[in-house]
Amino acid sequence: MKPKILFLPMLLLGCACSSYYYAPNTLQTPHLVERHDAEFSVGGLRGPESSGFEAHISYAFSRRLALMVNHMELRGGNASQERWGKGRLTEGGLGVYFPMDDNTSNTVFLGWGSGYAFHQFPKESKAKLEFHRYFGQYGICVERGAMRLGTGVRLNYLQYRKGWIDYRLGEPDISKIELIEERSPLIFPELSVNLGIGSRPVWVNAFATIMEYDSAEELGLATHTFGLSLTFQVDHFWRAERASKIK
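Residues numbered from 1 in each chain as written. Predicted model: local features only at pLDDT ≥ 70, side-chain atom pairs only at ≥ 80, totals over all residues. Heavy atoms only, no water.

1. Things to note about the pairing of strand E6 (residues 83-99)
Line of reasoning, step 1. In terms of strand pairing, strand E5 (residues 65-78) meets E6 through 14 bridges, oriented antiparallel. Each bridged residue has a counterpart across the sheet, and for His71 the counterpart in E6 is Thr90.
Line of reasoning, step 2. As paired elements, E6 and strand E7 (residues 104-120) share 16 bridges and run antiparallel to each other. Bridged to Gly93 within E7 is Gly111. (Pairing = 2+ DSSP bridges. Helix = DSSP H or I, 4+ residues; strand = E, 2+ residues; numbered from the N terminus.)

So, in structure tokens, the structure goes:
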């Protein structure tokens with residue numbers, strides 16, 4: 001085997017009986033209808049034997065174009081057993097939005113992200129890697145009264161940059177990593193649903209993202225994440241301020 005680990009976008013290391021080498025971040029479906037619409041959200045995220053946080057911001061800077069930035073950090077495992085892991089993913093995207101009406105927004109984003117993954121096993125055996133992730137996604141968000149419903153699909157392309165492993169980490173992790181390296185690059189879709197309750201400018205959201213990949217278990221990839229977040233409709237504040245000045 002070559003002295004490297006193949007691209008692993010997020011390392012989640014669990015208990016002594018299982019370790020995970022990837023988990024999806026939330027597929028964001030912002031509600032963008034007109035120029036200067038902007039959202040910011042922050043929340044907690046959980047996956048199999050892991051937890052962390054993520055943040056998101058999106059901004060419609062023209063009548064059809066928008067920017068998006070996402071950040072995720074996760075950690076899992078048991079430090080007392082010397083089995084733990086951590087990772088980070090930061091990505092940005094450029095996209096277009098097509099409002100069907102004032103309540104429904106369609107978005108398409110293309111983007112790129114980078115980050116790292118680190119994990120430690122007993123006997124001080126360790127592995128670290130850096131990666132790039134490319135993605136394309138479509139989302140739709142519908143706002144009706146006190147409810148918001150968002151859903152979307154994302155296609156991911158994960159590419160290893162550089163990294164190293166300590167071969168003392170043993171099985172089954174060596175075999176999983178060798179298999180990931182053999183099958184690179186990994187290309188697969190992810191699906192997401194997001195339910196929000198509130199009113200402008202604040203929404204409370206419950207969300208879940210699922211990875212569709214037949215070999216996920218074989219490769220040691222976590223197939224889902226879920227959590228809760230707060231979304232702030234940032235444009236509400238400056239538009240309210242402008243309206244008060246006009247009066």
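2. Examining the pattern of salt bridges
Line of reasoning, step 1. Going through the model one piece at a time under the given rule, you end up with seven salt bridges.
Line of reasoning, step 2. Here Arg154 and Glu190 are joined by a salt bridge, their closest N and O atoms 2.6 Å apart. Of this pair, Arg154 sits in strand E9 (residues 147-165) while Glu190 is found in strand E10 (residues 186-199), placing the two residues 36 residues apart along the sequence. The pair formed by Arg154 and Glu190 is uniform in burial state, with each residue classed as buried.
Line of reasoning, step 3. A single salt-bridge network, built from bridges that share partners, covers Glu39, Glu143, Arg148 and Arg200. (Salt bridge = Lys/Arg side-chain N within 4 Å of Asp/Glu carboxyl O. Buried < 20%, exposed > 50% of the residue type's maximum accessible area, 1.4 Å probe, protein only.)

3. Description of the sheet that holds E9
Line of reasoning, step 1. Pairing in this closed barrel of ten strands is antiparallel, and the strands run E3-E4-E5-E6-E7-E8-E9-E10-E11-E12 around the ring. With strand direction ignored, the average angle separating the axes of adjacent strands in the sheet is 20 degrees.
Line of reasoning, step 2. Pairing of E9 with E10, which is carried by twelve bridges, proceeds in the antiparallel orientation. The residue of E10 that forms the bridge with Thr151 is Val193. (Axes fitted to C-alpha atoms, helices over the stretch in contact; angles between N-to-C directions.)

4. Points about the pairing of strand E11 (residues 202-211)
Line of reasoning, step 1. Burial along E11 is one-sided: Trp203, Asn205, Phe207, Thr209 and Met211 are buried, while Val202, Val204, Ala206, Ala208 and Ile210, pointing the other way, are not.
Line of reasoning, step 2. Strand direction decides the pairing type here: E10 and E11, joined by ten bridges, are antiparallel. Opposite Glu190, over in E11, you have Met211 as the bridge partner.
Line of reasoning, step 3. Between E10 and E11, which pair antiparallel and follow one another directly, the connecting turn spans two residues.
Line of reasoning, step 4. Taken together, the nine bridges between E11 and strand E12 (residues 224-233) define a ladder with antiparallel strand orientation. Bridging across to E12, Phe207 finds its partner in Gly227.

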